[in-house]
Amino acid sequence: MFISYVFVSDYYNIKNQSFSFDSNFEFSLLTNNTISVKQKSSFHNHINDNIHINAIVGENGTGKSTLLNVLTEILSGKANFMYILILRKGSTFFYNSSLKDFTLKKQIGKGIVTKKINEATLYKLPLSTILYSNVKSKTTWYLNEKVSLLTEKYLSKCSKYDCDYHYGEEISEIDAHELNDISRQISYFSNQDVQYLDVTIPDSLEFEISRSYRQILSEETTPDFYLEFNYLIALEKYHQVSDKQQFIGELYLTFVLSFLREIYHTQESSNHAILDNDIKDLINESLKSELVGIEYFQKFLDNYSRKTFLKKVFKNNLYYNEIEIEKIKTSFLNKKKFIKFIEKHTTDTFISIENHRNLKKLVKLYSESIYKFQYLTLQWLGLSSGENAKLNFYSRIYERIHNKLKTLSGDFSLTENLVVLIDEGATFFHPEWQRSYIYDIISFFENVIIKSSKVDKVHIILTSHSPFVISDLTRDNIIYLRKEKRPDSNFNYCKVLKEEEKPLSFAGNISSLYRNSFFLQDTLTGKYSHLTLDDIINKLVEKNKELNLELVEYIITEISEPIIKKHIEKLLETYKHDKIV
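Keep in mind that what you see is a predicted model, and the values were worked out from it rather than measured.

Caption draft 1: Expanded view of the pattern of salt bridges. For the structure shown, the criterion picks out 14 salt bridges. One salt bridge connects Arg396 with Glu152, and the closest N-O pair in it is separated by 2.8 Å. Taken as a pair, Arg396 in helix H13 (residues 385–401) and Glu152 in helix H3 (residues 152–157) lie far apart in primary sequence, 244 residues in all. Measuring nitrogen to oxygen at the nearest pair gives 3.0 Å for the salt bridge that ties Asp181 to Arg184. Of the two residues, Asp181 and Arg184 are both situated in helix H4 (residues 173–191); the distance of three residues between them amounts to about one turn of the helix. Pair check on accessibility: Asp181 and Arg184 agree, each one buried. Each of Glu152, Asp181, Arg184 and Arg396 takes part in salt bridges that share partners, so that together they form one network.

This is the structure in C-alpha cells:
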C-alpha cells in the first residue's frame, strides 16, 4: 500500500493543487468534486516490488516541506483543511476526503476496485508513517502511534524523555539530544552489519570535562558556591594526584564540584531550599578529609551515595522529597560505576569503537549518572558532519522501527506498509554521496529494515535540491513545483508542473538536469563569475580605455570553460590590435 494521489484545497501556500505519486495511473480533478482515474500503463515500478520512491523538487519557497507536512497531517487524521487522499494496494484504491460529496470516477480496466473510507477506517489501515527531517520543520508534539516524527526540532524538544536513560532535570535539550543520537548510533552499528551501506563507523568516542568545570579545575574562574563550601581543599587534593591518574582525578574532582553546585543551585532556585550551618559544616567536614589523591575523592563519593547521609543533608530542605533524594543517590552510585568502568577500560580520554558493548555501557552509565548538570562532553573522533548525518539517518530510522526510541506519548505502531517522508535528507552530503543517495536508501530499507522487521512495503517521498537524486528516478516519480504569483496577492503560491511539462530525468546529464529540472536562471556558472565575465566582454567590445589588461589576462588563464575562454581571448586580441592602431 502506498500513497497514490493527494489534492489540497488550502494549506499555507498550497491552493487547489493535485499531487500524483503513482506512475501507473492518471488522475484528473473534474468539477463537482469528482476525480477521474485511468490506467496509463501496465503495473510497473523501476525500483523494485517492495519499495516505491517519489522525489519533490523545486526552488526554495515552492512548498516542498509544506507538502510533507500535508501528508503527515492527513495520514495522522489531524488535518483541518480540505483534501482528497487516494491510497493504492495492488489493484485496490482506498479513498478518503474531507470534501463533501466527493466521488472517484473509474475509467480503468477489469479487476480494479475502489473503496471509500472514513477517517476512522483510514486510521485502522495497515499503514504507518515516519517524517524525517534534517532542517527546521513544523513541530507537532504528538500526532498518534501511527505517525512518528523524527525531525531535529521534535527530537530536541523531547530529548530528555525519549530514551531509557535518566538525564538530569536541567541538562540542555541540545546536550540530551546529542547523547541520544550517540546512543542510537552505537545501538545501530553494534546490532547490524552496515559495512555494505557505505556508512563510516567512527574510530572512537572522546569524552572530556565540560568547559565550565575545566575552567574551575584550571582556576580560570571561581565557582559561585565558593563562599559556602571549602572547594579549594578538593582542588588542592586534585593537584596531588599522580600524572598517570590525572584524567581520573579530573573526573573525581568534577563529581565533587557537581554535587556542591547542585546543592547550591537548589538553594538559589527554591524558597524552601535553605542550607543551615549544620549542613554546610557537615559537607565541609567531608571536604576536610585527611586522605590524599584518588582515595580522598572516593571517600567523599562513598559518603554521599548513602541514603541516610543524604537525608541528613536535606532534612530541613522542603524542596527535597524521598524521590529527589533517591535520584541523587542513584546518580552518585552511577558516578561510582562510571568511573570504575573508565579506570578498567581506558587510560585516556577516549574509548575505542571496536568494543561495541563497552561503548554502549559507557554512554548508558554516563547518562544515568547525571542528576542536574552535564559534566562531560562526548563526541566521535574521525567523523565528519556529513558522515554523522548519514549515520543519524540510519540509526534514527532503525531505532524507531524497532521501537527503541520512546517518545512522550507511547510506542510507534509499526505496520507492514510504511510511508517514509524525508525532508532534505542529503543536506550535508558531498556530490558523490548525493549521486549514491537513492541507491543507499534502497539498500537500507531493502536489506536492513524489511529484513529485520514486519515491514513489507515502503513508500519513500523525499525532497531534494540535488540533480543526482532525480537522475535515478523516472519523471513519473518526480513532482516538480514552481512558484506562482497570483493577480490578487503578492504571495508566492505552489504550482505543480503538468505531466507534459516534466523534463526527462532518468540517467540524465547533470548540467541538463540543473537547467531543465531545477529551473536555474541564465547560466550554470556562479553568478559572480558570470557578471565578471559579462563586464569584461562588454568593456572589450566597447574598447573601454580603463580596462585592466593584466587582470583580464589573469582571469582568462583561470577560465575552465574552453568555448568562453577562446571567445574572450579573441576579443582581447582585437582590443589590443585596435588600441595599437
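Having put the structure on the table, let's press on.
Caption draft 2: Quick peek at the packing of H4 against helix H12 (residues 356–368). Interhelical geometry of H4 versus H12 gives an angle of 160° and a closest axis separation of 10 Å. Relative to H12, the element H4 lies roughly antiparallel. H4 and H12 meet at a crossing whose hand is left-handed. Only His356, Leu359, Lys360, Val363, Tyr366 and Ser367 of H12 make contact with H4, whose side of the interface consists of Leu179, Ile182, Ser183, Ile186, Ser187, Phe189, Ser190 and Asn191. Partitioned by chemical class, the residues of the contact of H4 with H12 number seven nonpolar, six polar and one charged.

Caption draft 3: View of the packing of H13 against helix H15 (residues 437–452). Put simply, H13 and H15 touch, their axes get as near as 11 Å, and they point 25° apart. Between H13 and H15, the angle is such that the two are roughly parallel. Crossing of H13 against H15: the hand is right-handed. For the pair formed by H13 and H15, the contact residues are Lys390, Phe393, Tyr394, Ile397, Tyr398 and Ile401 on the first element and Asp440, Phe444, Phe445, Val448, Ile449 and Ser452 on the second. Of the residues assigned to the contact of H13 with H15, the class counts are nine nonpolar, one polar and two charged.

Caption draft 4: Local environment of the sheet that holds strand S13 (residues 350–352). Read across the sheet, three strands follow the order S13-S12-S14 without closing on themselves; strand pairing throughout is antiparallel. Two strands in the sheet have a free side with no partner beyond their single neighbour: S13 and strand S14 (376–381). With strand direction ignored, the average angle separating the axes of adjacent strands in the sheet is 20°. By the bridge criterion, three bridges tie strand S12 (residues 204–209) to S13 in an arrangement that is antiparallel. Note on S13: the bridge partner recorded for Ser204 is Ser352. Packed onto the sheet, H12 meets S12, S13 and S14 and runs at close to 155° relative to S14.

Caption draft 5: A look at the side chain of Gln17. The topology assignment puts Gln17 in strand S2 (residues 14–20). Residue Gln17 is classed as buried on the basis of its relative accessible area, which comes to 9%. A distance of 3.2 Å separates the side chain of Gln17 from the backbone oxygen of Lys15, its partner in a polar contact. Non-local contacts of Gln17, meaning those with residues more than four positions away in its chain, are made with Val6, Phe7, Val8, Arg486, Cys494, Lys495 and Val496.

Caption draft 6: Fine view of the nonpolar core. Phe338, Leu362, Leu378, Ile397, Phe445, Ile460 and Leu462 are the most contacted members of the largest nonpolar core, which has 109 residues in total. No other element matches helix H7 (residues 246–269), which puts 12 residues into this core. Ignoring anything within four residues of it in the chain, the contact list for Phe445 reads Ile51, Phe393, Ile397, Leu418, Val420, Ile450, Val458 and Ile460. Formed by 38 residues, the second largest nonpolar core is a distinct cluster that contains Val6, Val147, Cys158 and Leu421.

Caption draft 7: Focus on the environment of Tyr5. Note that Tyr5 resides in strand S1 (residues 2–11). On the accessibility criterion, Tyr5 (1% relative accessible area) is buried. Between the C-alpha atoms of Tyr5 and Tyr95, which are 90 residues apart in sequence, the distance is 9.2 Å. Among the polar contacts listed, one links the side chain of Tyr5 to the side chain of Ser18, at a separation of 2.6 Å.

Caption draft 8: Layout of the sheet that holds strand S18 (residues 492–496). One open sheet holds the seven strands; their spatial order is S11-S10-S15-S16-S5-S17-S18, and the pairing between them is mixed. Single-partner strands in this sheet number two, and they are strand S11 (147–151) and S18. Neighbour-to-neighbour, the strand axes of the sheet open up by a mean angle of 20°, direction not taken into account. Bridge analysis of strand S15 (residues 417–423) against strand S16 (residues 457–464) gives six bridges, and the strand direction is parallel. Following the sheet pairing, Ile422 is matched in S16 by Leu462. In the packing of H13 onto the sheet, the strands contacted are strand S10 (127–133), S11 and S15, and the crossing angle to S10 comes to about 155°. Sitting on the sheet, H15 touches strand S5 (51–57), S15 and S16, and the angle it makes with S16 is about 150°.

Caption draft 9: Structural view of the environment of Asn80. Its location among the elements puts Asn80 in the loop between helix H1 (64–76) and strand S6 (83–89). Along the chain, Asn80 and Ser98 lie 18 residues apart, while their C-alpha atoms are 8.9 Å from each other.

Caption draft 10: Inspection of unusual backbone geometry at higher detail. One non-glycine residue, Tyr12, lies in positive phi territory at about 50°. The residue Tyr12 is located in the loop between S1 and S2 in this model. Positive phi outside glycine occurs at Glu424, with the angle close to 50°. By the element assignment, Glu424 lies in the loop between S15 and helix H14 (431–435). You can call Glu424 buried: its relative accessible area is 13%.

Caption draft 11: Looking closely at the packing of aromatic side chains. Tallying each qualifying case throughout the model produces 25 aromatic pairs. With a centroid separation of 4.6 Å and an interplanar angle of 40°, the aromatic rings of Phe259 and Tyr304 are classed as tilted. One end of the pair, Phe259, is in helix H7; the other, Tyr304, is in the loop between helix H9 (293–303) and helix H10 (307–313), and 45 residues separate them in sequence. For Phe259, a relative accessible area of 1% gives the class buried. Each ring, one from Phe393 and one from Phe444, has its centre 5.9 Å from the other, and the planes form 55°; the classification is tilted.

The rules we used
Residues numbered from 1 in each chain as written. Predicted model: local features only at pLDDT ≥ 70, side-chain atom pairs only at ≥ 80, totals over all residues. Heavy atoms only, no water. Salt bridge = Lys/Arg side-chain N within 4 Å of Asp/Glu carboxyl O. Helix = DSSP H or I, 4+ residues; strand = E, 2+ residues; numbered from the N terminus. Buried < 20%, exposed > 50% of the residue type's maximum accessible area, 1.4 Å probe, protein only. Axes fitted to C-alpha atoms, helices over the stretch in contact; angles between N-to-C directions. Parallel < 35°, antiparallel > 145°, perpendicular 65-115°, else oblique. Left-handed = near helix turned anticlockwise from the far one by under 90°. Contact = heavy atoms within 4.5 Å. Nonpolar A, V, L, I, M, F, W, Y, C, P; charged D, E, K, R; others polar. Pairing = 2+ DSSP bridges. Polar contact = N/O pair within 3.5 Å; in protein donor to acceptor, adjacent residues only side chain to side chain. Core = buried A, V, L, I, M, F, W, Y, C linked by side-chain atoms within 4.5 Å. Phe/Tyr/Trp six-rings, centres within 6.5 Å; stacked < 30°, edge-to-face > 60°.

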